[in-house]
Amino acid sequence: MLARLAARPLLLFLLLQGCFGTQTWNQEPVRTEVNPEGNAVLACKVYNKQGTCSWQKDGKPQGMFVGKYEWAGDREAGDCSIRILDAGEVDDGDWECQVTASTFAAHDALTSRIAQLIVRVAPKHPVLEVDSQQVTAGHNFTVVENRPGTIKCLSRYGNPPAEIKWFIGEEELPQEEYGQTNVTEMDKQKTWMAVSVLQHTFSKADHNTPLRCVAVHQAYQTKSQSVEVLMDVQYAPSVTLEGAPGEDIEEGVDNVVLRCLVDSNPGANVVWRVNGQTDVFSFQREVRFNPVSRKHSGTYTCEARNAVGGSDPISVKIDVKYRPRVLQVGPAPLVTATLHNHTLLECIAEANPPPQYTWIQMIPDTQKTEVRGHNATLLLEDVTYEHQGEYVCVASSVIREQTLEDRSEPIIVEVVGAPQVLRYTVERNMQVEKGQDAVIQIVFCSDPRPFSTSWEWGSLRLEAGNGRGRYVAENLAQQDVREDCYSAKLRVQGVDVTDSRDYILNVQNDKGADRYAVGLRVNGHVAKPPLQRVPPSAEPVSMSTVIGIVIACLVILVLVTLIVLYAFKTEKWCFSQQSKESCNRGCPASNPNQVSPEPEDWSSPTKYAVPSDERGSCGRVALHADRLEQGLQDGDD
C-alpha cells in the first residue's frame, strides 16, 4: 500500500490532507492585466477548504456585487476565484484572496500574496526629444558621422508603462544601446511615463534613414505606436574623379573633361590644383580642355572641404601626346668633311612620347637610302667619299599604335681630300673574248679635281685623253649623280691574248694620290691565278720605278770599281805580295834569284803578256801580278 502511495505523491498528498483536514493553497492569484471594459478572473483555489472565502482590494474587504464582482468557481470545492466584470480604473489595484481557519482552534487560515490587477490605460502617442527639445515627427535628427548621438523617446500616461524599442530603418537596435526608465505620472496616479534614451554612433550609411521609436502596449488597438525622424548624418566629403583618359590623348585632336564628384553632407567646396603650381587652378567641379594641348599636361588634384572636414585628394595625370617635329639639324646645311677625319651631325626634335631618331643617307648614284644611325647625334668616323651625300634626320613617335614621323631638311656632306677609288663599284677582274674591245672603267672621287690621271701596264704609261695604237685612255667623265666623282676609262681595241695583264689607274690631286689595278683576262689565254685585291702598296711597280732601280745599281757598281782601284794604288791590298810569296813557295823548279825583266813599254799589251811556256802556272801568275803593278805605277806617272 505504501509503495503504491510513494509512486503517486499527489494522491498521497490529497489523502493526507483529507485525513488531517489542513487547508493549503492549490493556486494563488497572480498579476493580471485587463483592457478597459474587459473581464478578468483572479484565481484562488484551496485544498481541503473548510473555511470561508473572501477578497481584499488595496487592503480593504471587497464584497460581491452582481454584474460587477462575482464568484468564478465552486467555493465548496475549494475554488474561491473572483470574476471582475466591466473592468475600469476603479478596479485597478492590489488584490488578495483570504480563507478563514477550518475551526477556531485550527491555525490554517490562508492569505494569498498580493496580485496586482492592472486595468490597462493606453499611453499617449510617443514623442522624441533632443536636448530637451521635442523633435517633430518626420523632421531631421542631425548627428555627425562616427560621433555618438543622443535622442530620447517618451511614452506618457500609460498603464502599465509602454515597452519602448528603437529601429534604424527596419533593423532593431540592441537593448544594450538604450535603457528605459518608468516613473509614475505626477498629475495622474496609476499611469506611467516610460523614458528611453538612445546613445548610438551613427555612420554615413545611416544618412536619410528613418530612426523610429516604437511604444508597445496592449491597450493600443494596433498593440504599438511609433514616432520617427529622418537621420541627417553629416560627414566629411569624399571625392571621385570622372573623365580620366583611358588611352592616349593627342594634341589638337581630343577633348578632355574632368569632373570632381563629391559625396558630402553638408555640401562641400571643390578646389583643383596642378602639381608644381602654387595657385589654385579652378574652383569649379568640372574642368574642360577643348581641345587639349601640350600645355595642359600635368597632374591635376581635386579635393573638397565642408564644415565636418576635408576629403583625401585624388589625382589624375594628363599626358598630352603630340606629333614629332624636327626643330633643328646641324651644324650647318652644308658640312665639309676632310677625308679620313670625322664629323658630327646633330638633330633636335620634340615629341611626346620622346622621339626616336633615325639618320638616313641618300645615296645619289643608286637613288637608294642607307640608315646611318639611331641617335640624336651621328658621328661619321674615318670619312670617305662614300659618306658624301644628303643626310636626313627622321624623328618618329608612336601615338595610339600609329607611328608618326617628321623629316628634317637635308644636310649636305661634302668630302674634301686625296682621290679615292670607289672600289665597291669596280670589278676587280674582267674577261673579254679575243678580238673584242675591252673597256676598263674605274670610278673615283676627288675634291679638289685631280691634276693627273694615267693608266699603266707593263712598261707603258698613258695619260687620260691620249691614245697609243690600240689603247685609248678617254678623258675623265664627271658623274652625273655624285658630285666630285669621275669615271676613268681605258679602251683596248681588238684584244689579244697578249693583253691579259693588270691595268693600273693612277690618280693624283693636291691632297694626295690613289691607285687601283684591274685584271684583264682574254679568253684563250693561259689561265693565271685569280688576282687578289691588294692594297696600293702591294700593286705592280711602275716602269719609272724600275728605271730608277737600274740607275741606282749602276751607280753602286761604279763606286765599287773605284774603291778597288784605289786599294791597288795605295798598296793596301796585299794580293801581289802574297801572290809572289805563294808562287815562290809553291814552285821549287824556279830560280829565286831570277828577276823578271822590267817592261819597256806598258802600253803595248804584247810586252806584258806572259808566255805559256816561260814558267809554271804559279810563275805565270807572279809575273802577271808584277807587270800589273808596274803598269799601275806608270799610269800614275
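Just so you know, these numbers come straight off a predicted model, no measurement behind them.

Criteria and thresholds
- Residues numbered from 1 in each chain as written.
- Predicted model: local features only at pLDDT ≥ 70, side-chain atom pairs only at ≥ 80, totals over all residues.
- Heavy atoms only, no water.
- Helix = DSSP H or I, 4+ residues; strand = E, 2+ residues; numbered from the N terminus.
- Buried < 20%, exposed > 50% of the residue type's maximum accessible area, 1.4 Å probe, protein only.
- Contact = heavy atoms within 4.5 Å.
- Areas by Shrake-Rupley, 256 points an atom, 1.4 Å probe, with all protein chains shown as cover.
- Pairing = 2+ DSSP bridges.
- Axes fitted to C-alpha atoms, helices over the stretch in contact; angles between N-to-C directions.
- Salt bridge = Lys/Arg side-chain N within 4 Å of Asp/Glu carboxyl O.
- Disulfide = S-S within 2.5 Å.
- Lys, Arg positive; Asp, Glu negative; His and termini not counted.
- Patch = residues over 30% accessible without salt bridge, like charges linked within 9 Å, V, L, I, M, F, W, Y side chains within 5 Å.
- Phe/Tyr/Trp six-rings, centres within 6.5 Å; stacked < 30°, edge-to-face > 60°.
- Lys NZ or Arg CZ within 6 Å of the ring centre and 35° of its normal.
- Core = buried A, V, L, I, M, F, W, Y, C linked by side-chain atoms within 4.5 Å.

Undergrad: I'd like to hear about the overall build of the protein chain, residue by residue, with values.
TA: A count of helices and strands for the protein chain gives 5 helices and 47 strands. A burial count over the protein chain gives 39% of its 637 residues as buried. Here the contacts in the protein chain between residues at least 6 apart in sequence split such that 64% fall between residues at least 24 apart. When the accessible surface of the protein chain is totalled, it reaches about 36,400 Å², and 51% of it is carbon and sulfur.

Undergrad: So what about the sheet that holds strand E3 (residues 40-42)? Which residues, and what values?
TA: Strand order in the open sheet formed by 3 strands is E3-E8-E7, and the pairing between neighbours is antiparallel. Where the open sheet ends on each side, the last strands, each with one partner, are E3 and strand E7 (69-71). On average, each strand axis in the sheet is tilted by 25° relative to the strand beside it, whichever way the strands run. Strand direction decides the pairing type here: E3 and strand E8 (residues 82-84), joined by 3 bridges, are antiparallel. Of the residues in E8, the one forming a bridge with Ala 40 is Ile 84.

Undergrad: Talk me through the sheet that holds strand E19 (residues 192-201); I want residue IDs and the actual numbers.
TA: Strand order in the open sheet made by the 5 strands is E13-E12-E15-E19-E18, with antiparallel pairing throughout. Each edge of the sheet is formed by a strand with only one pairing partner; in this case those strands are strand E13 (133-135) and strand E18 (178-184). Direction aside, neighbouring strands of the sheet carry axes that sit 30° apart on average. Sheet analysis places strand E15 (residues 148-158) next to E19, joined by 9 bridges and oriented antiparallel. For Leu 154, the partnering residue across the bridge sits in E19 and is Val 195.

Undergrad: Explain the pairing of strand E14 (residues 140-144) residue by residue, including any values.
TA: Of the two faces of E14, the one holding Phe 141 and Val 143 is buried and the one holding Asn 140, Thr 142 and Val 144 is not buried anywhere. For E14 and strand E21 (residues 224-242), the ladder comprises 5 bridges, and the chain directions are parallel. Bridge pairing in E21 places Val 143 opposite Val 233.

Undergrad: I'd like to hear about the pattern of salt bridges, residue by residue, with values.
TA: A full pass over the atoms with the stated rule returns 27 salt bridges. In this structure, the salt-bridge partner of Glu 286 is Arg 259, at a minimum N-O distance of 2.7 Å. Placement of the pair is Glu 286 in strand E26 (residues 286-289) and Arg 259 in strand E23 (residues 256-265), with a sequence separation of 27 residues. Here Arg 470 and Asp 499 are joined by a salt bridge, their closest N and O atoms 3.0 Å apart. On the criterion of sequence distance, the pair formed by Arg 470 in the loop between strand E42 (466-468) and strand E43 (471-473) and Asp 499 in the loop between strand E45 (485-492) and strand E46 (501-509) is long-range, its members being 29 residues apart. Several salt bridges converge on common partners, so that one network encompasses Glu 242, Arg 259, Glu 286 and Arg 288.

Undergrad: I'd like a description of the state of the cysteines, backed by residues and values.
TA: For the structure shown, the criterion picks out 6 disulfides. Across the disulfide, Cys 153 is cross-linked to Cys 213 (sulfur-sulfur distance 1.7 Å). Negative torsions about the S-S bond denote left-handed disulfides, and the value of about -80° found for Cys 153 with Cys 213 makes this one left-handed. With Cys 153 in strand E15 and Cys 213 in strand E20 (residues 210-216), the pair connects residues that are 60 residues apart, well separated along the chain. Of the two residues examined, Cys 153 and Cys 213, each falls in the buried class. Across a sulfur-sulfur distance of 2.1 Å, Cys 347 and Cys 393 are joined as a disulfide pair. Here Cys 347 and Cys 393 share a disulfide; its torsion about the S-S bond, -80°, makes the bridge left-handed.

Undergrad: How would you explain the side chain of Asp 92 if you had to name every residue and give the values?
TA: Residue position: Asp 92 is located in the loop between E8 and strand E9 (93-99). The side chain of Asp 92 is buried and forms no salt bridge, while Lys 190, the nearest opposite charge, is found at 4.2 Å. Apart from residues no more than four positions distant in its own chain, Asp 92 is found in contact with Lys 57, Asp 58, Leu 117, Ile 118, Val 119, Asn 159 and Lys 190.

Undergrad: Quick one: what's the story with a nonpolar patch on the surface, residue by residue and with numbers?
TA: A surface patch of nonpolar side chains, amounting to about 650 Å² of accessible area, comprises Ile 547, Ile 551, Val 555, Val 558, Leu 559, Leu 562 and Leu 565. Structurally, the position occupied by Val 555 is in helix H3 (residues 543-569). With relative accessibility at 47%, the residue Val 555 sits in the partly exposed group.

Undergrad: Before we move on, can you summarise the pairing of strand E30 (residues 334-338) with the specific residues and values?
TA: For a regular strand, side-chain orientation follows a simple rule: the groups alternate between the two sheet faces. Of the two faces of E30, the one holding Val 335 and Ala 337 is buried and the one holding Leu 334, Thr 336 and Thr 338 is not buried anywhere. The sheet contact formed by E30 and strand E37 (residues 411-421) spans 5 bridges and is parallel. Paired with Thr 338 across the bridge in E37 is Val 416.

Undergrad: With reference to specific residues and values, describe the packing of aromatic side chains.
TA: Under the counting rule described, the total for this entry stands at 10 aromatic pairs. A centroid spacing of 5.3 Å and a plane angle of 75° characterise the contact between Phe 281 and Tyr 300, whose relative ring orientation is edge-to-face. Taken as a pair, Phe 281 in strand E25 (residues 280-282) and Tyr 300 in strand E27 (residues 298-305) lie far apart in primary sequence, 19 residues in all. When its relative accessible area of 36% is taken as the criterion, Phe 281 is described as partly exposed. Just above the ring of Phe 167 sits the side chain of Arg 212; from NZ or CZ to the centre is 4.8 Å. Here the guanidinium or amino end of Arg 294 rests over the ring plane of Tyr 322, the centre of that ring lying 3.8 Å away.

Undergrad: For the nonpolar core, give the residues involved together with the corresponding values.
TA: In this structure, Ile 440, Ile 442, Trp 455, Leu 490, Tyr 503 and Leu 520 are the most contacted members of the largest nonpolar core, which totals 25 residues. Excluding its chain neighbours within four sequence positions, the residues that come into contact with Tyr 503 are Ile 440, Trp 455, Glu 456, Trp 457, Tyr 471, Leu 490, Val 492, Tyr 516, Ala 517, Val 518 and Leu 520. Trp 359, Leu 380, Cys 393 and Ala 395 belong to the second-largest nonpolar core, a separate cluster that totals 24 residues.

Undergrad: Any details on the side chain of Gln 56? Residues and values, ideally.
TA: Examined against the element boundaries, Gln 56 turns out to sit in strand E5 (residues 53-57). Not counting chain neighbours up to four residues away, the residues in contact with Gln 56 comprise Pro 61, Gln 62, Asp 94, Trp 95, Glu 96 and Gln 98.

Undergrad: Tell me about unusual backbone geometry, residues and numbers included.
TA: In this structure, the amide linkage connecting Asn 352 to the following residue, Pro 353, adopts the cis form with an omega of 5°. Mapped onto the elements of the fold, Pro 353 is located in the loop between strand E31 (343-352) and strand E32 (356-363). A cis amide bond links Asp 447 with the next residue in sequence, Pro 448, at an omega value of 15°. Relative to the assigned elements, Pro 448 resides in the loop between strand E39 (438-447) and strand E40 (452-457). The phi angle at Asp 131 is positive, at roughly 55°, despite the residue not being glycine. On the accessibility criterion, Asp 131 (70% relative accessible area) is exposed.

Honestly, that's just the spatial picture; any functional story needs more than this.
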